[in-house]
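# Per-entry structural report
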Amino acid sequence: MNTLPLSWIYSTKTTVTNHIKMGFSTFWIYSCSISNISTITNILSNLSKKPNTNFIIRGCNLEISNFLEQNEFSSIIIGKEAIIELNHNPFIKKSLKELVKRSFKNGIIKEINYSTESANKLEQLMSHSVHSNEPQLKYLFIDKFISDTRLFAFIDNKEIWQGAILISLNSSQKVQSELLLRRKSAPIGTMEALINFIYKSLRNEGYSEWSLGEVPFIVDSIDLPFFSKQYLINRIGKILKYAYNYEGLYFFKNKFSTRWENIYLCAKPTIKFRHIIMLSIKSNLLSLTINKLIR
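This write-up is about the structure you can find in this document. Nothing here was measured: the structure is a model prediction, and the numbers come from that model.

Another aspect to go through is unusual backbone geometry. With omega at -5°, the peptide bond leading from K268 into P269 counts as cis. Summarising the element assignment, P269 is placed in the loop between β11 (259-268) and α8 (273-282). Of note in this structure, S7 is not a glycine but carries a positive phi near 70°.

In structure tokens:
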């Protein structure tokens, strides 16, 4: 395989697997740092051999899904991944050029060196971000500045962070987005300027792809088997749009001329509705839904 599941990190360090328990015998492997990408086949093969134990892995592309299905996993489509091909320039669009030009009147963008201080500054920005007064999603992406990630910040003329994007390495040629944060009072064009800056940096460094991450529930229900698990999950997701604005996320990521690829939820041996319920609980999606409902 050439890539990893989303938020699994291609790292120079020792392999570390992060998981949480989802029930008596089910574990959600939400992240993993892998020093040699070829070892993913060994890791997943070893997992598939554990008796009477279920494993859940999300953020899988078609290649990974097919591999897992050969190792006693099943899979369902749950969304799509937005990928910028770095040899194509999305910023030839006049509208994007104007937003980027306008934003640079308000500050500069820097890549931030890893330190405890910079990690704290990112957390401060999170506490003032657009959705900071809502339950925060967990385990769906890396939400802290750690040594295996890179951080870019838009800093205004008063040295205040107005936005930031945290990225990590998904393979030797592919970079993935983890956190995309914007301060509530950030000027228009802040995120577009950040994406423009990172796009140029990654292209100059020789990478071929940059994933802006997953958008759930944007699979057309017509393309799914009627009343299948993936059909019902997709329909439920559309009902919950009031709590999680996946459409707004889709339109934002789509303006960068992204290529959209199917993303799968995989489980050994089968995906059950209780797994979906536990995922929504552990990820805080259920709390977010309830919070929006009662506000």
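With that out of the way, let us pick up the packing of aromatic side chains. Overall, the coordinates contain 13 aromatic pairs when judged by the stated rule. Plain terms: the ring middles of Y250 and W260 are 4.8 Å apart, the flat faces sit at 35° to each other, and that makes the pair tilted. You can see Y250 sitting in helix α7 (residues 246-254) and its partner W260 sitting in strand β11, a full 10 residues away along the chain. Assessed through its relative accessible area of 25%, Y250 is described here as partly exposed. Of the residues examined, W260 reaches a relative accessible area of 18% and is grouped as buried. Ring geometry for F252 versus F256: centroids 5.4 Å apart, planes at 80°, classification edge-to-face. Here F252 and F256 have matching classes, each one buried. An aromatic cluster of three or more residues is present, and its members are F91, Y199, F252 and F256.

What follows deals with the packing of helix α3 (residues 94-103) against helix α5 (residues 190-204). Where α3 meets α5, the closest approach of the two axes is 8 Å, and the angle between their N-to-C directions is 100°. Our classification of the angle between α3 and α5 gives roughly perpendicular. Contact residues: α3 offers L96, L99, V100 and S103, while α5 offers T190, E192, A193 and N196. Class assignment for the residues of the contact of α3 with α5 results in four nonpolar, three polar and one charged.

Membership of the largest hydrophobic core comes to 41 residues, with the highest contact counts inside it found for I84, I165, I167, I195, W210 and F256. Mapped by element, the contributors of at least two residues to this core are β5 (74-85), α3, β7 (149-156), β8 (161-169), α5, β10 (209-216), α7 and β11. Sorting elements by how many residues they give to this core places α5 first, with seven residues. Of all hydrophobic cores here, the second largest spans 21 residues; its members include L4, I34, C60 and V219.

Tallied over the full model, the rule gives 10 salt bridges. Between R259 and E209 there is a salt bridge, and its shortest N-O distance comes to 2.9 Å. One end of the pair, R259, is in strand β11; the other, E209, is in strand β10, and 50 residues separate them in sequence. Put simply, E85, E209, R259 and E261 are held in one network by salt bridges that share partners.

Moving on, we come to α7. Residues of α7 that are buried: Y246, F252 and K253. What you see down the axis of α7 is that its buried residues fit within an arc of 125°, all on one side. Tucked inside the fold, the buried residues of α7 contact β5, β9 (174-182), α5, β10, α6 (229-239) and β11.

Another point: the pairing of β7. The buried fraction of β7 is high, at seven of eight residues. Note: strand β6 (residues 107-112) against β7, six bridges, orientation antiparallel. Paired with I109 across the strands is F154, a residue of β7.

Attention shifts here to the environment of Q230. Structurally, Q230 is set in helix α6. C-alpha of Q230 to C-alpha of I77: the two residues are 153 residues apart in sequence and 6.1 Å apart in space. Setting aside anything within four residues of it in sequence, one finds Q230 in contact with I76, I77, L224 and P225.

On the secondary structure map, S75 appears in strand β5. With relative accessibility at 18%, the residue S75 sits in the buried group. A polar contact is formed between the side chain of S75 and the side chain of S65, at a distance of 2.9 Å. At 2.5 Å, the side chain of S75 forms a polar contact with the side chain of E69. Not counting residues up to four positions away in its chain, the partners in contact with S75 are S65, E69, Y264, L265, C266 and I271.

Now for α8. Taken together, the buried positions of α8 are H275, L279 and S280. The arc that holds the buried residues of α8, viewed along the axis, is 135°, so those residues lie on one side. Immediately downstream of α8, the backbone of N284 shows phi near 75°, a positive value.

Criteria and thresholds
- Residue numbers here run from 1 along each chain, matching the order of that chain's written sequence.
- Since the coordinates come from a predicted model, pLDDT governs what is reported: local features require at least 70, and pairs of side-chain atoms require 80 or more to be given and counted, while whole-chain, interface and lining totals use all residues.
- By convention in this description, side-chain values take in all heavy atoms of the structure and omit both hydrogens and water.
- Going along the chain from the N terminus, every DSSP run of H or I of four or more residues is numbered as a helix, and every run of E of two or more is numbered as a strand.
- Here a Phe, Tyr or Trp ring, Trp counted by its six-membered ring, pairs with any other such ring whose centre lies within 6.5 Å, and the pair is stacked when the planes are under 30 degrees apart, edge-to-face when over 60, and tilted otherwise.
- Think of it in three bands: with a 1.4 Å probe and only protein chains considered, a residue is buried below 20% of the maximum accessible area for its type, exposed above 50%, and partly exposed in between.
- For helices, the axis comes from a line fit to the C-alpha atoms of the stretch in contact; other axes are also lines fit to C-alpha atoms, and the angle between any two N-to-C directions lies between 0 and 180 degrees.
- Angle categories are assigned with fixed cut-offs, so that under 35 degrees is roughly parallel, over 145 is roughly antiparallel, 65 to 115 is roughly perpendicular, and the rest are oblique.
- In this analysis, two residues are considered to be in contact whenever any of their non-hydrogen atoms come within 4.5 Å of each other.
- Residues were grouped as follows: Ala, Val, Leu, Ile, Met, Phe, Trp, Tyr, Cys and Pro as nonpolar; Asp, Glu, Lys and Arg as charged; and all remaining residues, including Gly, as polar.
- For our purposes a nonpolar core is just a set of buried Ala, Val, Leu, Ile, Met, Phe, Trp, Tyr and Cys residues, chained together by side-chain atoms within 4.5 Å.
- The salt bridge criterion pairs a side-chain nitrogen of Lys or Arg with a carboxyl oxygen of Asp or Glu, the two atoms within 4 Å.
- What the arc covers is the set of directions going from the helix axis to the C-beta atoms.
- Strand pairing requires that DSSP identify at least two bridges connecting the strands.
- N or O atoms closer than or at 3.5 Å make up a polar contact, with two conditions inside protein: a donor-capable atom paired with an acceptor-capable one, and, for residues adjacent in sequence, both atoms drawn from side chains.

Worth remembering: the numbers are spatial, not functional.
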